[in-house]
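# Architecture and fold: a report
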Amino acid sequence: MNFQELVMQHKDSLIEDLAGLLKVESVKGDPSENAPVGEGPKAALDYMMELGERDGFTTKEVDGLAGHIEIGSGEELFGILGHVDVVPPGSGWDHSPFDPLITDETITARGVQDDKGPTMAAYYALKILKEQNLDFKVKTRLIIGTDEESDWECTKAYFDSEEMPDAGFAPDASFPLIYGEKGITSFNIVQKHTHLDEVEPNIELKVLISGERYNMVPEEAEAKLKVIQNMTEVIQSFEDFLRSNKVKGDYEVDNGFLIIRTEGQSAHGSTPEAGVNAGFILIEFLSTLELDDNARNFVHFAQKYIIDHYDGSRFDMAHRHEEMGEVSVNTGMINYTEVDGASFGVNLRYPEGLDFQGKIDAFKEKISDEGFMIEDVSDEPPHFVDPADPLVGVLLDSYRNHVDDPSEPFTVGGGTYARTLERGVAFGAMFKDTKDTMHQKNETMKIEELLNATAIYLEAVYRICVEGEISEDKLL
């Protein structure tokens, strides 16, 4: 079977169907009766279910949160797990992020890399195989979620009622293959109490806002200051700070308040060092001012534990695993009000071997004496599949049949749906030379890479689910 040729025959329809999905503004929103994580994600799920029905698959939707597109029968189940929700687009795009810009070479839109493009590639792998009237030896499902970028309510709801695949992959990362993912935690560090200054300060911090998600490096930050005296000097100091640190920002005076803003560079929360945290920049400037007591406590705490902290060492959680690497820390949200105090939204990822619960308990006790507490802790432990597993071998071989790349499988700090399966790995769709624009402005995927990923998935699913290569070894 010529997998590449079959994919090329479907190039136009693949791009057309993907463009339709990309037009859906599937950012998590307010819940409603039929849309638990918002109308946008639900609309994207409905879109995929409609494609499945159009092409003659068996489909099922679960609680408005997830669904599957199924082909084949048998006792064994192979799952491909993708998601159609996206992170907020942010600012600075060259065009509307939900109006796909399609050229001869690329597609640019929010979600094209993460994860609508790869999910559509996997769908077309099933669609093409179905059109060949092949007999699937293994029941195969494309499982689609709508809350991967937030709380994973979708997979929780789906697997509460549906069968767990015996094995599978998530097309939501990088080739050649990812067999290990760090543990993923999120928690809030909150200022416990605030108090009034005995003497009125010269500068009061009223509000600071930075970031929207735990798993994104914030690219914008804004603070509102009440400057009692010397407003001009404070503005001049801010301009000097921007110039000397070679960072971007602006300011305005509104009804007597000074509004200052800083700009950074967004990045995925698993690689915070690849971005520039706008909140960090803003707090560094605030540290140069004579602020009120509550704000000064907030800024001091941030400098001690938060600013430019990426490896877990300031939380006494630094740890390294030979295969899975080091702890990473992203402070994706920083908020402050003069009434409620400060809140830091932290996304920490850790490899095998770290006692996270013990460490977070110790850190809670440590910062309690400094007027801060930890709330809303969630923890997904590390995920690891033996790289000698036959599943890994078939997928890796399918990849190498289409790409001249001898790279070995690896582990990452990111989290994919693969971790919901005991034998699940992440498989594409970024290649070794792909520019990673996930969670960034002007998110882009090369059409050549979209087609090549589809061909790779086509071969992999054919070998596992039609030919039954793994099943014959009684290992699926």
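Residues numbered from 1 in each chain as written. Predicted model: local features only at pLDDT ≥ 70, side-chain atom pairs only at ≥ 80, totals over all residues. Heavy atoms only, no water.

## Concerning the overall build of the chain
Broken down by element type, the chain carries eleven helices and 24 strands. Within the chain, the proportion of its 476 residues that are buried is 58%. Long-range pairs, those at least 24 residues apart, make up 78% of the contacts in the chain with a sequence separation of at least 6. A total of about 19700 Å² of accessible surface is found on the chain, and carbon and sulfur atoms cover 44% of it. (Helix = DSSP H or I, 4+ residues; strand = E, 2+ residues; numbered from the N terminus. Buried < 20%, exposed > 50% of the residue type's maximum accessible area, 1.4 Å probe, protein only. Contact = heavy atoms within 4.5 Å. Areas by Shrake-Rupley, 256 points an atom, 1.4 Å probe, with all protein chains shown as cover.)

## Regarding the pattern of salt bridges
Counted by the stated rule, this structure contains 30 salt bridges. A salt bridge links Glu 163 to Lys 139, with the nearest nitrogen and oxygen atoms 3.3 Å apart. One end of the pair, Glu 163, is in the loop between helix 5 (153-161) and strand 7 (167-170); the other, Lys 139, is in strand 6 (residues 139-145), with 24 residues separating them in the sequence. Given a relative accessible area of 32%, Glu 163 falls into the partly exposed group. Given the relative accessible area of 14%, Lys 139 is considered buried. Among the salt bridges present, the one from Arg 423 reaches Asp 389, with a minimum N-O distance of 2.6 Å. With a gap of 34 residues between them, Arg 423 in the loop between strand 21 (410-412) and strand 22 (424-426) and Asp 389 in the loop between strand 20 (383-384) and helix 10 (390-400) connect regions that are remote in the sequence. (Salt bridge = Lys/Arg side-chain N within 4 Å of Asp/Glu carboxyl O.)

## Brief notes about the sheet that holds strand 5 (residues 106-108)
Strand order in this open sheet of three strands is 4-5-24, and the pairing throughout is antiparallel. Each edge of the open sheet is held by one strand with a lone partner, namely strand 4 (101-102) and strand 24 (444-446). Bridging between strand 5 and strand 24 involves three bridges; their strand directions are antiparallel. Within strand 24, the position partnered with Ile 107 by the bridge is Met 445. In the packing of helix 11 (residues 447-466) onto the sheet, the strands contacted are strand 4, strand 5 and strand 24, and the crossing angle to strand 24 comes to about 65°. (Pairing = 2+ DSSP bridges. Axes fitted to C-alpha atoms, helices over the stretch in contact; angles between N-to-C directions.)

## Describing helix 2 (residues 11-22)
The end-to-end C-alpha distance of helix 2 is 16 Å, a good match for the 16 Å that twelve residues give at a rise of 1.5 Å each. Along helix 2, the residues classified as buried are Leu 14, Ile 15, Asp 17, Leu 18, Ala 19, Gly 20, Leu 21 and Leu 22. Buried positions along helix 2 lie against helix 3 (39-54), strand 4, strand 5, helix 4 (116-131) and helix 11. (Expected span 1.5 Å × (residues − 1).)

## Quick look at the nonpolar core
If you look at the biggest cluster of nonpolar residues, it comprises 69 residues, and the most contacted ones within it are Met 120, Phe 427 and Tyr 457. The greatest single-element share of this core, amounting to 14 residues, is contributed by helix 11. Look past the residues within four positions of Tyr 457 in its chain and what remains in contact with it is Pro 118, Ala 121, Ala 122, Ala 125, Phe 169, Pro 171, Phe 175, Phe 427, Gly 428 and Ala 429. (Core = buried A, V, L, I, M, F, W, Y, C linked by side-chain atoms within 4.5 Å.)

## Focus: the UniProt feature "domain: Peptidase M20 dimerisation" (unreviewed entry) in the chain
UniProt records the feature "domain: Peptidase M20 dimerisation" (unreviewed entry) for residues 260-370 in the present numbering. Taken end to end, residues 260-370 has its terminal C-alpha atoms 28 Å apart, with 32% of it in helix and 25% in strand. (UniProt positions renumbered as here; feature names shortened; annotations may be inferred.)

## Details of the packing of aromatic side chains
What the rule picks out here adds up to 29 aromatic pairs. Taking the centre distance of 6.0 Å and the plane angle of 45° together, the rings of Phe 175 and Tyr 457 count as tilted. Separated by 282 residues along the polypeptide, Phe 175 in the loop between strand 8 (173-174) and strand 9 (178-181) and Tyr 457 in helix 11 bring together distant segments of the chain. Three or more aromatic residues joined by ring pairs make a cluster, and in this case those are Phe 187, Phe 298, Phe 301, Tyr 305, Phe 315, Tyr 336, Phe 344, Tyr 350, Phe 356, Phe 363 and Phe 372. The ring of Phe 57 carries Lys 130 above its face, with NZ or CZ at 5.8 Å from the centroid. Residue placement shows Lys 224 over the ring face of Phe 257; its charged tip is 4.3 Å from the ring centre. (Phe/Tyr/Trp six-rings, centres within 6.5 Å; stacked < 30°, edge-to-face > 60°. Lys NZ or Arg CZ within 6 Å of the ring centre and 35° of its normal.)

## Some details on the packing of helix 10 against helix 11
The description of two helices packed together rests on the angle between their axes and the distance between the axes. The geometry of helix 10 relative to helix 11 is characterised by a closest axis approach of 8 Å and an angle of 140° between their N-to-C directions. Taken together, the axis directions place helix 10 and helix 11 in an arrangement best described as oblique. The chirality of how helix 10 crosses helix 11 is right-handed. Here Leu 391, Val 394, Leu 395, Asp 397, Ser 398 and Tyr 399 of helix 10 lie close against helix 11, whose contacting residues are Ile 456, Glu 459, Ala 460, Arg 463 and Ile 464. Its residues placed into classes, the contact of helix 10 with helix 11 shows seven nonpolar, one polar and three charged. (Parallel < 35°, antiparallel > 145°, perpendicular 65-115°, else oblique. Left-handed = near helix turned anticlockwise from the far one by under 90°. Nonpolar A, V, L, I, M, F, W, Y, C, P; charged D, E, K, R; others polar.)

## Quick look at the domain arrangement of the chain
Each assigned domain of the chain is listed with its residue range as follows: domain 1 (3-181 + 383-474) and domain 2 (184-380). Summarising the inter-unit geometry, the C-alpha centres of domain 1 and domain 2 are found 35 Å apart. Counting residues at the interface gives 21 residues for domain 1 and 17 residues for domain 2. Taking both sides of the interface into account, the surface hidden between domain 1 and domain 2 amounts to around 1700 Å²; carbon and sulfur atoms contribute 47%. Scanning the region where domain 1 abuts domain 2 turns up zero salt bridges. (Domains from an automatic or database assignment. Buried area = accessible area lost by both parts, 1.4 Å probe.)

## Some points on the packing of helix 2 against helix 11
In the contact formed by helix 2 and helix 11, the axes pass within 11 Å of each other and the chain directions differ by 105°. Judged by the inter-axis angle, helix 2 sits roughly perpendicular to helix 11. Along its contact with helix 2, which presents Lys 11, Leu 14, Ile 15 and Leu 18, the element helix 11 presents Ile 447, Leu 450, Leu 451 and Thr 454.

## A closer look at the pairing of strand 2 (residues 66-71)
By the criterion of burial, strand 2 is predominantly enclosed, with six of the six residues buried. Burial along strand 2 is two-sided: the face carrying Ala 66, His 68 and Glu 70 and the face carrying Gly 67, Ile 69 and Ile 71 are both buried. Pairing analysis gives five bridges linking strand 1 (residues 58-62) to strand 2, with the strands arranged antiparallel. Counterpart to Val 62 in the pairing with strand 2 is Ala 66. Counting the residues in the hairpin turn of strand 1 and strand 2 gives three residues, including Asp 63, whose phi is positive at 55°. For strand 2 and strand 6, the ladder comprises six bridges, and the chain directions are antiparallel. Its bridge partner lying in strand 6, Ile 71 is registered against Thr 140.

## Considering helix 10
Within the span of helix 10, buried status applies to Leu 391, Val 392, Val 394, Leu 395, Leu 396, Ser 398 and Tyr 399. By the N-cap criterion, in which a side-chain oxygen at the helix start approaches the backbone nitrogen of a residue two or three places on, helix 10 is capped by Asp 389, the distance to Leu 391 being 2.8 Å. (Polar contact = N/O pair within 3.5 Å; in protein donor to acceptor, adjacent residues only side chain to side chain.)

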